[in-house]
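What follows is the residue order along each chain.
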Amino acid sequence: MKKRKIVVATSGASGVNLGLKIVDLLPKEIEKHFIMTKNSEVVLDKEMGATIHDNSDISASISSGSFGVDAMIIAPCSMNTLAKIACGIADNLVTRCASVMIKEHKKLILAPREMPFSAIALENMHKLATLGVIIAPPVMAYYSEQQTLDEMENFLIGKWFDLLGIENSLYKRWE
């Protein structure tokens, strides 16, 4: 059976820990690829067991549809990155990979991190959603009774894993 390949990217420094934690929690049987923008790199302080790609290398293996990436999540996703993707701008590896996900009809999840959303950001999200992109901001739900920041992060990542079809028990589910 073909090994699943997942790209995790972070754009913007706020919330980069969620992207790192996603990489850390992905099952071992998934081939992990990780991209950070320059703003995200400032908070990276350890190896996460993934192939780390330079965001300026738009010729990296994962930028080609023939490489066979199965899904991509950008968490957090800055409004700048979201806008570039919505407008088809592929000027770095993150936006190039997202463009490939869209053209190949592969699963692409964006976790926009700013609040409140401007009308422009909502318009860009709507445009992407009509193309099949999943917009899944890091929004808490309280039914799983999180008590710590770690439990809150696990809830968010568990919900994103659900969208990616990755079995997990990272949060208490609705009964």
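Coordinates for the structure precede this section.
All values reported here derive from a predicted model rather than from experimental measurement.

(A) Here's a closer look at the packing of helix α3 (residues 79-86) against helix α4 (residues 93-103). Orientation of α3 relative to α4, taken along the N-to-C sense of each, is 45°, at an axis distance of 10 Å. If you check the angle between α3 and α4, you find them oblique. For the element pair α3 and α4, the recorded crossing hand is right-handed. Across from Thr81, Lys84 and Ile85 in α3, the residues of α4 making contact are Val94, Thr95, Ala98 and Ile102. Taken together, the residues that form the contact of α3 with α4 break down as four nonpolar, two polar and one charged.

(B) The sheet that holds strand β2 (residues 31-36), seen in detail. The strand order across the open sheet formed by six strands is β3-β2-β1-β4-β5-β6, and the pairing between neighbours is parallel. Each end of this open sheet is capped by a strand with a single partner; those strands are β3 (51-54) and β6 (134-135). Two strands pair when backbone bridges link them, and strand β1 (residues 5-10) and β2 are joined in this way by six bridges, in the parallel orientation. By the bridge assignment, Thr10 is partnered in β2 with Met36.

What counts and what doesn't
- Residues numbered from 1 in each chain as written.
- Predicted model: local features only at pLDDT ≥ 70, side-chain atom pairs only at ≥ 80, totals over all residues.
- Heavy atoms only, no water.
- Axes fitted to C-alpha atoms, helices over the stretch in contact; angles between N-to-C directions.
- Helix = DSSP H or I, 4+ residues; strand = E, 2+ residues; numbered from the N terminus.
- Parallel < 35°, antiparallel > 145°, perpendicular 65-115°, else oblique.
- Left-handed = near helix turned anticlockwise from the far one by under 90°.
- Contact = heavy atoms within 4.5 Å.
- Nonpolar A, V, L, I, M, F, W, Y, C, P; charged D, E, K, R; others polar.
- Pairing = 2+ DSSP bridges.

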